[in-house]
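Geometric and topological summary
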Amino acid sequence: MLRPLLNQVFILEYDVRKGSIFSFWQNGSSDILSTAGYDCIIQHLNNGRKNCKEFEDFLKERASIEEKYGKDLLNLSRKKPCGQSEINTLKRALEVFKQQIDSVAQCHIQLAQTLREEARKMEEFREKQKLQRKKTELLMDTAHKQKSLQFKKTMDAKKNYEQKCRDKDEAEQAVHRSANLVNVKQQEKLFVKLATAKTAVEDSDKTYMMQINTLDKVREDWQSEHIKACEIFEAQECERINFFRNALWLHLNQLSQQCVTSDDMYEEVRKSLEACSIEKDIAYFVSHRKTGQTPPAPIMYENFYCPQKNTAPQGKAPGPNLARRGPLPVPKTLPDDPDYSLVDNYSLIYQ
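For every chain, the first residue of its written sequence is number 1, and the numbers climb from 1 along that sequence. Under the rules for a predicted model, residues below a pLDDT of 70 receive no local features and side-chain atom pairs below 80 are neither given nor counted, while totals for whole chains, interfaces and linings still include all residues. Side-chain metrics rest on all non-hydrogen atoms present in the structure, leaving aside hydrogens and water.

Here's the deal with the environment of Q186
- A helix here means a DSSP run of H or I that spans at least four residues, while a strand means a run of E at least two residues long, and both kinds are numbered starting from the N terminus. Tracing the chain through its elements places Q186 in helix α3 (residues 184-274).
- We classify Q186 as partly exposed; its relative accessible area is 39%. Relative accessible area decides the class of each residue, using a 1.4 Å probe on protein chains only: under 20% of the type maximum gives buried, over 50% gives exposed, and in between gives partly exposed.

With respect to the pattern of salt bridges
- One speaks of a salt bridge when a side-chain nitrogen belonging to Lys or Arg is within 4 Å of a carboxyl oxygen belonging to Asp or Glu. On inspection of all chains with the given rule, the structure shows 23 salt bridges.
- Of the charged contacts in the structure, one is a salt bridge between E56 and R126, with a shortest N-O distance of 2.9 Å. Taken together, the residues E56 in helix α1 (residues 36-79) and R126 in helix α2 (residues 88-177) connect sequence positions 70 residues apart.
- Assessed through its relative accessible area of 7%, R126 is described here as buried.
- With its nearest N and O atoms 2.8 Å apart, the salt bridge here joins E237 to R240.

Focus: the UniProt feature "coiled-coil region" (unreviewed entry) in the chain
- UniProt positions are given in the numbering used here, feature names are shortened, and annotations may be inferred rather than shown by experiment. Per the UniProt entry, the sites bearing "coiled-coil region" (unreviewed entry) are residues 108-135 in this numbering.
- Across residues 108-135, the secondary structure splits into 100% helix and 0% strand, with the terminal C-alpha atoms separated by 42 Å.

Section: empty space enclosed by the protein
- For cavity detection a 1 Å grid was placed over the protein atoms alone, and a set of points counts as a cavity when a 1.4 Å probe fits there but cannot get out; an open set counts as a pocket when protein lies on both sides within 12 Å along at least five of seven lines, with lining residues being those that have an atom within 4 Å of a point. Grid points are joined across faces, edges and corners, and a volume is the space filled by probe spheres set on the points. Counting across every chain of the model gives two cavities of 30 Å³ or more.
- Estimated volume of the largest cavity: approximately 100 Å³.
- Listed by contribution, the elements that provide at least two residues to the lining of the largest cavity are α1, α2 and α3.
- Here the lining of the largest cavity gets five residues from one element, more than from any other, and that element is α2.
- The residue classification treats Ala, Val, Leu, Ile, Met, Phe, Trp, Tyr, Cys and Pro as nonpolar and Asp, Glu, Lys and Arg as charged. All others, Gly included, are polar. Taken together, the residues of the lining of the largest cavity sort by class into three nonpolar, three polar and six charged.

Description of the side chain of D281
- Assignment of secondary structure puts D281 in helix α4 (residues 278-289).
- In this count, Lys and Arg are taken as positive residues and Asp and Glu as negative ones, while His and the chain termini are left out. Although D281 is buried, it makes no salt bridge; R92 carries the closest opposite charge, 6.2 Å away.
- We call two N or O atoms a polar contact when they sit within 3.5 Å, provided that within protein one can donate a hydrogen and the other can accept it, with sequence-adjacent residues counted only if both atoms are side-chain atoms. At a separation of 3.4 Å, a polar atom in the side chain of D281 contacts the main-chain amide nitrogen of L90.
- The contact criterion used throughout is that any non-hydrogen atoms of two residues lie within 4.5 Å. For D281, the residues in contact, after removing those within four places along its chain, are I87, N88, T89 and L90.

Brief notes about the environment of S103
- You can see S103 is positioned in helix α2.
- Taking relative accessible area as the criterion, S103 reaches 26% and is therefore assigned partly exposed.
- With 162 residues separating them along the chain, S103 and M265 place their C-alpha atoms 7.7 Å apart.

What follows is the structure in structure tokens.
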């Protein structure tokens with residue numbers, strides 16, 4: 001049974017912060033460099049593309065099978081004799097049978113071409129989605145690299161800031177320890193070193209804060225790109241599922257149509273078989289193949305010592321091969337004679 005395609009696209013509606021997009025952040029907010037969620041999405045898309053490729057290969061393989069079957073059936077129909085000595089109505093039915101088998105074979109060959117066309121459409125769809133994904137993946141790769149680079153700069157600035165803070169703390173402790181020293185020049189040096197350390201702390205602190213702010217901006221840009229990428233990937237996946245589903249549905253309809261077409265052709269053969277008449281075929285055979293209406297004459301007995309041949313009367317069909325009797329005896333007396341009942345001195349009357 002053929003069923004029409006469902007043209008609607010099954011797009012799932014999501015709330016941005018409750019649906020599919022935010023279900024694929026990295027596990028744990030502390031690892032800002034993690035791409036586990038993004039990698040999971042990419043892996044799923046790659047699997048979907050692989051599934052489309054597998055169905056494409058399936059269609060190509062099925063097309064090869066249909067083509068081989070059609071060609072084999074065509075050779076069988078055209079080269080293999082099938083009741084070629086039949087006559088009259090049954091002969092016509094067999095001719096219709098061979099014609100319809102030929103048509104069925106052609107239908108299978110045509111189906112193979114149709115399946116190859118569907119496989120080509122699937123391949124074009126895969127390549128189209130691949131190109132669409134490539135642009136988004138390049139943007140995401142750039143965002144990941146910028147985030148990683150800025151994170152490294154921020155961590156370096158943090159280490160420098162922490163080191164400067166430790167240097168300042170050591171300078172302050174040195175000043176406190178030298179409070180009781182008499183050497184003024186040495187104390188001045190310690191104060192200069194402390195002042196320099198404080199300045200370095202202030203500079204590193206500013207640098208560290210600037211890198212933190214930059215990292216936060218990069219993180220926001222990456223998050224925005226991540227959301228856009230997820231939306232694009234989700235739309236692509238909806239499109240892929242819809243396309244795959246419709247392609248499979250169409251494939252089944254094509255197979256069903258092949259069965260319906262073949263059955264219509266077989267029905268023509270059945271109709272021709274219904275027109276067959278046993279009586280007409282027998283009468284046709286008798287009428288066109290008869291060899292004569294008179295059976296052979298019987299073989300007559302021939303006496304070796306008497307070469308005269310006994311022949312059957314002309315114009316009369318010979319009877320069964322029975323022993324022939326001689327002529328009846330001729331009476332020697334007349335019917336009025338008292339001795340009429342005697343034949344050769346043999347009385348027919350009981351004495």
